[in-house]
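In case you want the letters, here they are:
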Amino acid sequence: MSRSLRAACLAAILLPLTCQTALADVAGNSPNDVRYHGGDEIILQGFHWNVVREAPNDWYNILRDKASTVSADGFSAIWMPVPWRDFSSWSDPAKGTSGGGEGYFWHDFNKNGRYGSDAQLKQAAAALNGAGVKVLYDVVPNHMNRGYPDKEINFPAGQGYWRNDCADPGNYANDCDDGDRFIGGESDLNTGHPDVFALFRNEFGNLRGNYGAGGFRFDFVRGYAPERVDSWMAAAHDDAFCVGELWKSPSEYQSWQWQNTATWQEVIKDWSDRSDCTVFDFALKERMQNGSIADWRYGLNGNPDPRWREVAVTFVDNHDTGYSPGQNGGQHHWPLQDGLIRQAYAYILTTPGTPVVYWAHMYDWGYGDFIRQLIQIRRTAGVRADSPISFHTGYSGLVATISGTSQTLVIALNSNLGNPSQVASGTFSEAMNASSGAIRVWRTGAGSNDGSGDTGGLVQVGFTCNNGVTQPGDSVYAVGGVAELGNWSPASAVRLTDTSAYPTWKGSIGLPAGQTVEWKCIIRNEADASAVRQWQPGGNNSVQVAAGASTSGAF
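### Remarks on the sheet that holds strand 13 (residues 408-413)
Here comes step 1: The five strands are arranged 11-12-13-15-14 in an open sheet whose pairing can be described as antiparallel. Single-partner strands in this sheet number two, and they are strand 11 (389-391) and strand 14 (428-434). Strand-to-strand, the axes of this sheet are offset by a mean angle of 20°, without reference to chain direction.
Here comes step 2: Of the strand pairs in this sheet, strand 14 and strand 15 (residues 439-444) are connected by six bridges, and their pairing is antiparallel. Across the sheet, residue Asn433 finds its bridge partner in strand 15, namely Arg440.
Here comes step 3: Docked against the sheet, helix 12 (residues 341-348) engages strand 11, strand 12 (398-403), strand 13 and strand 15, running at close to 160° with respect to strand 13.

Here it is as structure tokens:
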């Protein structure tokens, strides 16, 4: 039983309340032994390309201070930047990008880098783990800054440690390693050498034991064998989450260009089969870039076989493909057009796979409230990595039915579908209607269409907690008996952010219309999601959820 679930059950005994397990963190591999940690993760990419320039030496502090917010927003894991020291610097005016120091041209495993110090990294990891958010480190096994002076890792030349020590007849094969070159043989490590393999195995164990790692994101997995990733995971953290980045740059698409649903998917799935890790769904990304919305069904996450869906890590953009706040807009190698970003998030957050939300979309560019509502819909329905999905033809755009563990969803994107009953049986209510009807989501079990005007969708309810006198590092949260209020788990409670009339705390929370919801105020430590300082005394508060409703409690 997880820490947050234990806390929820203890609260149930003391108040008393009903102990519920809907948001319990369930570790473990898939039935096919894929390391997906239970299949219910929602991941936040915890950085963008320019954070080392926009917040130099301070990013770990920002992550530490935002840990409780990340948890309250519904994320169960965070993809951290590369933790290794990188003081490189370069620019590429032709591409309009600039960089250096992001971790992808690292020179040793020292943690005092441009994101912050070793101590700050440990504090950030502790705060995130304490808030119930797994820490997934970005790791870069095959290439490094060989020429940087004063490195703590110094492999000699001519002994097989480096790619340029080997006969290398081409970009895709050589005598001593088993992957593609990246920057060049003189900067690429030969991960097939036993000393190099052991170097990374030990470091992954160090990240687990001393820096709170709950898993890893493997950069540029074209550069080394997937079986090597499997061996590293087995040795360092066999029950953790892992995901590989298998992407060719835009100039290489001719050899990988979309031919049919099988060809594109099989290349990615084969890597997952051999590594027992999940893999970024670049099949879906390619269709988002080059196909119609109806073609989004051809990603790994839309495959009829659950063995394919469970390995798919879906995303809209990341630090490589998309824009970033700050200098020159970041890398933006393959950004999705702005007009499709909302539809794309509606798709990945309601369908199978493990969705990843880009930091800039969540916290910089105004998509946060929209994404939070989608996360609530996904959590309430119980959509998992391997959930069943079926697509419906005969309508414009994309129409699909997804069977979660608690509810069934029907989604319609840029579609003329008029009613979910046209494609699915059961009683549905509207959970989302956005972008002037271009994004519609219906769900079962969340109200009724009985002519009363109550469709059971999420509506905003005003929450007030009075007399919330706090200590430094504490905030006031609302916790209650629906998924949107954490199912009585303090670690998943929703923070009230309006303190303009302190010690009164206020906030607006989306709840399912038509339901009667019980809840309480709690004072919780922001750095430790399980540390409840005070529960509101007496009986539970109750609110009949409807548009314009408000409710209050007091300590």
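There is more to say, and it comes next.
### Overview of the side chain of His193
Here comes step 1: With respect to the secondary-structure elements, His193 resides in the loop between strand 5 (134-139) and helix 6 (194-211).
Here comes step 2: Once residues lying within four places of it in the same chain are set aside, the contact partners of His193 are Gln159, Gly160 and Tyr161.

### Overview of the sheet that holds strand 16 (residues 458-466)
Here comes step 1: Here we have four strands laid out as an open sheet, ordered 19-20-16-24, and mixed in their pairing. Every interior strand has two partners, whereas the edge strands, strand 19 (498-501) and strand 24 (550-554), have only one. In this sheet, neighbouring strand axes are inclined to one another by 30° on average, regardless of whether the strands run parallel or antiparallel.
Here comes step 2: The pairing of strand 19 with strand 20 (residues 504-512) spans two bridges and is classified as antiparallel. Considered in strand 20, the bridge of Asp498 is made with Lys506.

### Digging into the nonpolar core
Here comes step 1: Of all hydrophobic cores here, the largest spans 123 residues; its most connected members are Trp84, Tyr137, Phe204, Phe218, Trp296, Tyr345 and Tyr347.
Here comes step 2: Sequence-distant contacts of Tyr347, that is, excluding residues within four places in its chain, are made with Leu284, Met288, Trp296, Arg297, Asn301, Phe391, Leu398, Ile411 and Leu413.
Here comes step 3: Ranked by size, the runner-up nonpolar core spans 22 residues in total, among them Val476, Trp519, Ile523 and Ala549.

### Topic: the side chain of Glu41
Here comes step 1: Mapped onto the fold, Glu41 is located in the loop between helix 1 (3-14) and strand 1 (43-45).
Here comes step 2: With a relative accessible area of 2%, Glu41 lands in the buried category.
Here comes step 3: Of note is the side chain of Glu41, whose polar atom sits 3.4 Å from the side chain of His37.
Here comes step 4: One polar contact links Glu41 to Lys134, side chain to side chain, over a distance of 2.5 Å.

### Structural notes on the pairing of strand 2 (residues 77-80)
Here comes step 1: Every second residue of strand 2 is oriented toward a common face, with Ala77 and Trp79 on one face and Ile78 and Met80 on the other, all of them buried.
Here comes step 2: Bridge count between strand 1 and strand 2: three bridges; the pairing is parallel. Looking at the pairing, Leu44 lines up with Ile78 of strand 2.
Here comes step 3: As paired elements, strand 2 and strand 5 share four bridges and run parallel to each other.

Reading the values: rules and limits
Residues numbered from 1 in each chain as written. Predicted model: local features only at pLDDT ≥ 70, side-chain atom pairs only at ≥ 80, totals over all residues. Heavy atoms only, no water. Pairing = 2+ DSSP bridges. Helix = DSSP H or I, 4+ residues; strand = E, 2+ residues; numbered from the N terminus. Axes fitted to C-alpha atoms, helices over the stretch in contact; angles between N-to-C directions. Contact = heavy atoms within 4.5 Å. Core = buried A, V, L, I, M, F, W, Y, C linked by side-chain atoms within 4.5 Å. Buried < 20%, exposed > 50% of the residue type's maximum accessible area, 1.4 Å probe, protein only. Polar contact = N/O pair within 3.5 Å; in protein donor to acceptor, adjacent residues only side chain to side chain.

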